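This is what each chain is made of:
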Amino acid sequence: MTVTSGRSALAVTAVRKAYGDHVVLDGIDLDIPTGSVFALLGPNGAGKTTLVQILSTLIRADAGEMRVAGHDVVREPDAVRAAIGVTGQFSAVDNFLTGEENLLLMADLLRLPRPQRRRRVAELLRRFDLVGAARNPAATYSGGMRRRLDLAMTLVGRPRVIFLDEPTTGLDPRSRRTMWEIIRELVANDGVTIFLTTQYLEEADQLANRIAVLHRGRLVAQGTAAELKRQVGGGHITLRFADARGYHHAARTLDVVSRDDEARTLRIASQGDVRSVRELLDRLDRAQLTVDELQVRAPDLDDVFFALTGNPVTEQEQAR
Ligand SMILES: Nc1ncnc2c1ncn2[C@@H]1O[C@H](COP(=O)(O)OP(=O)(O)OP(=O)(O)O)[C@@H](O)[C@H]1O
């Protein structure tokens, strides 16, 4: 792949990064078209943040060629910085300042022309539903409000490429959906390119035009959510157990993709056809296990992840 495509917001070839003996990124190639959402998917510790830090000029790669918004990351870091916005797990929000003050501070730092500053800040407060809380210290904000403020601060400088490093980690489902809406609007209205990292398969499914799966320093698959699902084929069966004994016995003996101990549900890899469902039911009967509920589903990204890496996401997180 070359690194010259005019339509690419990000073009990356053979990026490598190691910390001592630990190879974190082992030859990453990416080409992300302008105006699209790209999701880099991987469990904790996969190297997602490291790649974002390299592409946003915060740390140096050991090798590789990278262009972001048309600029070379190593040779033109200032031009890259001027074209990008980054919101990460460690937010830029100052707790002692109000939401409005945080935004004004950002406008000052970016040297926005004076008459524009208040106008831009007011517009962002409106857009991110922060008008009511604008005069309150950011310390009093909920997790969702803080993420919105953080993203609003990133937008003060009108970046063309936005890195969102795990934008919804730790948010409740409602705040997560609000963030998704905001991200969709950003792409539709502002034509920005979004580079998103996430551990949530559903998030990548909801937002991304293209998804890449990072596993042990390499991109093990790339494509649209539909392409990745097709690549895996099959699907899964979800079983909910009536009692804890049956649940734990089944968890030990079946080919489990993922599990939810609280809800006593197991996800089993399966083609989902009548024969494989019958075989599974026979097996459960023989073991005298009572199932409360059974659902047959088409493949989702959880199945993709399992097929590509041999592990469910949750197990990889636990194995860290
Ligand atoms: N400065 C550093 N020195 C040594 N090792 C590091 C350093 N920064 C990151 N690592 C290691 O590199 C690996 C990748 O870390 P990284 O933070 O990029 O992963 P991640 O996919 O973003 O994970 P998370 O979802 O937890 O943020 C981890 O094993 C981490 O311990």
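Residues numbered from 1 in each chain as written. Predicted model: local features only at pLDDT ≥ 70, side-chain atom pairs only at ≥ 80, totals over all residues. Heavy atoms only, no water.

- Looking at an unreviewed UniProt entry, one finds the protein chain named ABC-2 type transport system ATP-binding protein and attributed to Goodfellowiella coeruleoviolacea.
- For the record of the protein chain, the UniProt heading Sequence similarities (unreviewed entry) holds the text "Belongs to the ABC transporter superfamily. Drug exporter-1 (DrugE1) (TC 3.A.1.105) family." (UniProt positions renumbered as here; feature names shortened; annotations may be inferred.)

What to know about the nonpolar core
Part 1: Ranked by internal contacts, the top residues of the largest apolar core, which has 49 residues, are Leu103, Phe128, Leu149, Leu151, Ile194 and Ile211.
Part 2: If we skip the residues at most four places from it in the chain, Leu149 touches Val93, Gly99, Asn102, Leu103, Leu130, Ala138 and Tyr141.
Part 3: Among the nonpolar cores identified, the runner-up in size contains 28 residues, and Ala9, Ile32, Leu55 and Phe163 belong to it. (Core = buried A, V, L, I, M, F, W, Y, C linked by side-chain atoms within 4.5 Å. Buried < 20%, exposed > 50% of the residue type's maximum accessible area, 1.4 Å probe, protein only. Contact = heavy atoms within 4.5 Å.)

Some points on the domain arrangement of the protein chain
Part 1: What the domain assignment lists for the protein chain is domain 1 (8–93 + 141–229) and domain 2 (234–298).
Part 2: For domain 1 versus domain 2, the distance between C-alpha centres works out to 36 Å. (Domains from an automatic or database assignment.)

Overview of the packing of aromatic side chains
Part 1: Taken as a whole and judged by the stated rule, the model has 3 aromatic pairs.
Part 2: Between Phe38 and Phe195 the ring centres are 5.2 Å apart and the planes differ by 50 degrees, which places this aromatic pair in the tilted class. Note that Phe38 is positioned in strand β3 (residues 37–41) and Phe195 in strand β8 (residues 193–198), a separation of 157 residues in sequence.
Part 3: Looking at Phe195, the relative accessible area reads 0%, which means it is buried.
Part 4: Summarising the aromatic geometry, the rings of Phe163 and Phe195 are spaced 5.3 Å apart at their centres and angled 50 degrees between planes, so their arrangement reads as tilted. You can see Phe163 sitting in strand β7 (residues 161–165) and its partner Phe195 sitting in strand β8, a full 32 residues away along the chain. Pair check on accessibility: Phe163 and Phe195 agree, each one buried. (Phe/Tyr/Trp six-rings, centres within 6.5 Å; stacked < 30°, edge-to-face > 60°. Helix = DSSP H or I, 4+ residues; strand = E, 2+ residues; numbered from the N terminus.)

Focus: the site of the ligand
Part 1: By nearness alone, 14 residues border the ligand, and Asn44, Gly45, Thr49, Thr50 and Glu166 come closest of all.
Part 2: Gly47 is positioned such that a nitrogen or oxygen atom in its backbone is 2.9 Å from an oxygen atom of the ligand.
Part 3: Protein contact buries 66% of the 630 Å² of open area that the ligand shows by itself.
Part 4: Elements supplying a minimum of two residues to the shell around the ligand: β2 (22–33) and α1 (48–55). (Near = heavy atom within 4 Å. Polar contact = N/O pair within 3.5 Å; in protein donor to acceptor, adjacent residues only side chain to side chain. Areas by Shrake-Rupley, 256 points an atom, 1.4 Å probe, with all protein chains shown as cover.)

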